[in-house]
Amino acid sequence: MTRDEYFEGLKALAREKRMYHAVRTNSFGLREVRQIYKKEGIRIDPWPLPPKIKAMYMCADGDYSVAVQRSLPDEPKLFALVHELKHHYVDQEQIANGVVTCGDYNRNELIEKGAEVFAAEFIFPEQEFAELVKSIGISVWRPEDIVRLKRRIAAKISYTFVRKRLERLGLVTRGAFVTVQFKKLEEQMFGVPYWKARMRRRAVG
Ligand SMILES: [Zn+2]
């Protein structure tokens, strides 16, 4: 099996599991992923993790648990929890009563990359993304267009997610917008969100 075949297989599995768990893109968040964990019999452990580790999947004699970095913001936390689902569905045999620590891409490179592909498809299927992009009809993407696109997406994803998808679909040159600070740009274009403005005022005193 080639890498591409492996990744395509994982995307198909993600779509199948989405359907099984009746996932709707626009309303899939932390509460929903916790319900899936419950149904699948996976515990979420509140253990503290070293800063470099995003999450961890453990299985031993039919006991399944995941620990996730508590300091992560909601979007990367959701992504990490779905990433761990892939280890649960696919990698148990290979792990064989052990642990996968995630965030270290040198070790288990293919397993980890596969979990990223699975999570991306699960949270926001490529086809849904492609249809949205097509309906917008932009041929040369500028950073401002990416901000506008992101604001139309209800799925809980990050700017990095959007950028990587556009790269994958061949709409943006790989790495072209890596240095763009999209959140800042969004604030310049649309203003600072109310909750953030309040926090800043409080910080100033
Ligand atoms: Zn992993």
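Thresholds, definitions, all that
- Sequence order as written defines residue numbering, which begins from 1 separately in each chain.
- Local features in a predicted model are, by the rule used here, given only for residues with pLDDT of at least 70; side-chain atom pairs are given and counted only at 80 or more, and totals for whole chains, interfaces and linings are based on all residues.
- In computing side-chain values, all of the structure's heavy atoms are included and hydrogens and water are not.
- Buried, partly exposed and exposed residues are distinguished by accessible area as a fraction of the type maximum, computed with a 1.4 Å probe on protein chains only: under 20%, between the cut-offs, and over 50%, respectively.
- The helix count covers DSSP runs of H or I at least four residues long, the strand count covers runs of E at least two residues long, and both are numbered beginning at the N terminus.
- Only strands joined by at least two bridges in the DSSP assignment are considered to pair.
- As used here, the arc belongs to the directions running from the helix axis to the C-beta atoms.
- We call two residues in contact when some of their heavy atoms are within 4.5 Å.
- Metal donors were taken as nitrogen, oxygen and sulfur atoms no farther than 2.8 Å from the ion, or 3.2 Å where the ion is Na, K or Ca. Water is excluded, so coordination may look unfinished.
- Side-chain atoms within 4.5 Å are what join buried Ala, Val, Leu, Ile, Met, Phe, Trp, Tyr and Cys residues into a set we call a nonpolar core.
- Residue ranges assigned to the domains are those given by an automatic or database domain assignment.
- Here the quantity called buried area is the total loss of accessible area, with a 1.4 Å probe, experienced by two parts when brought into contact, counted for both.
- In what follows, salt bridge is the name for a side-chain nitrogen of Lys or Arg lying within 4 Å of a carboxyl oxygen of Asp or Glu.
- Only Phe, Tyr and Trp rings are paired, with Trp represented by its six-membered ring, and only when their centres lie within 6.5 Å; those with planes under 30 degrees apart are stacked, over 60 edge-to-face, the remainder tilted.
- By definition, being over a ring means that NZ of Lys or CZ of Arg is both within 6 Å of the ring centre and within 35 degrees of the ring normal.

### A closer look at the pairing of strand 2 (residues 55-60)
With respect to burial, strand 2 is a largely interior element, five of its six residues being buried. Between the antiparallel neighbours strand 2 and strand 3 (residues 63-68) lie two residues, among them Asp61 with a positive phi of about 45°. The pairing of strand 2 with strand 4 (residues 99-102) spans four bridges and is classified as antiparallel. Directly across from Ala55, in strand 4, lies its bridge partner Cys102.

### Some remarks on helix 6 (residues 126-136)
Among the residues of helix 6, those classed as buried are Glu126, Phe129, Leu132 and Val133. Across the axial projection of helix 6, the buried residues extend over an arc of 130°, all falling on one side. Of the exposed residues in helix 6, those oriented more than 90 degrees away from the buried face are Gln127, Lys134 and Ser135. Of the surrounding secondary structure, the elements contacted by the buried residues of helix 6 are helix 1 (3-20), helix 5 (109-123), helix 7 (143-152) and helix 8 (159-168). Just beyond helix 6, the residue with positive phi is Gly137, at close to 70°.

### Focus: the coordination of the zinc ion
Protein coordination of the zinc ion is provided by His83 (NE2), His87 (NE2), Cys102 (SG), Glu112 (OE) and Glu112 (OE), with donor distances spanning 2.0 to 2.6 Å. In the primary sequence, the donor residues of the zinc ion line up as H-x3-H-x14-C-x9-E. You can see His87 sitting in helix 3 (residues 74-90) and its partner Cys102 sitting in strand 4, a full 15 residues away along the chain. Comparing His87 with Cys102 shows no difference in burial state: the two are buried.

### So, the nonpolar core
Counting residues in each nonpolar core, the largest one holds 48 residues, and the members touching the most others are Phe28, Leu149, Ile153 and Leu166. Among the domains, domain 1 (3-123) and domain 2 (126-204) are the pair contributing at least three residues each to this core. Leu166 has contacts with Phe129, Val133, Trp141, Ile146, Leu149, Leu171 and Val172, leaving out every residue within four places of it along the chain. Counting residues in each nonpolar core, the second largest holds five residues, with Ile53, Met56, Met58 and Ala67 among its members.

### As for the domain arrangement of the chain
Considered domain by domain, the chain is made up of domain 1 (3-123) and domain 2 (126-204). Centre-to-centre, using C-alpha coordinates, domain 1 lies 24 Å away from domain 2. For the pair domain 1 and domain 2, the summed buried area comes to about 930 Å², and 47% of that belongs to carbon and sulfur atoms. Viewed at the interface, domain 2 and domain 1 are joined by three salt bridges. Among the ionic pairs, Arg165 bridges to Glu121, the shortest N-O distance being 3.8 Å.

### Quick look at the packing of aromatic side chains
All told, the structure shown has eight aromatic pairs when counted by the stated rule. Taking 6.3 Å as the distance between ring centres and 85° as the angle between the ring planes, the aromatic pair formed by Phe79 and Phe161 counts as edge-to-face. With Phe79 in helix 3 and Phe161 in helix 8, the pair connects residues that are 82 residues apart, well separated along the chain. Across this residue pair, the class does not change: Phe79 and Phe161 are buried. Each residue in the set Phe28, Tyr89, Phe118 and Phe122 is aromatic and connected to the rest through ring pairs, giving one cluster. Here the guanidinium or amino end of Lys39 rests over the ring plane of Tyr20, the centre of that ring lying 6.0 Å away. A cation over a ring is seen here: Arg165 above Phe129, with NZ or CZ 5.5 Å from the ring centre.

### Observations regarding the environment of Asn26
Along the polypeptide, Asn26 turns up in the loop between helix 1 and helix 2 (30-40). For Asn26, the contacting residues outside a window of four places in its chain are Ala154, Ala155 and Lys156.

### Some points on the pattern of salt bridges
Counting across every chain of the model gives 15 salt bridges. Of the charged contacts in the structure, one is a salt bridge between Arg3 and Glu109, with a shortest N-O distance of 3.0 Å. Highlighted residues: Arg3 in helix 1 and Glu109 in helix 5, separated in sequence by 106 residues. Looking at Glu109, the relative accessible area reads 35%, which means it is partly exposed. Close ionic contact of Lys11 with Glu126 constitutes a salt bridge, the shortest N to O distance being 3.5 Å. Taken together, the residues span a long stretch of sequence, with Lys11 in helix 1 and Glu126 in helix 6 at a distance of 115 residues. The same class applies to Lys11 and to Glu126, which are both buried.

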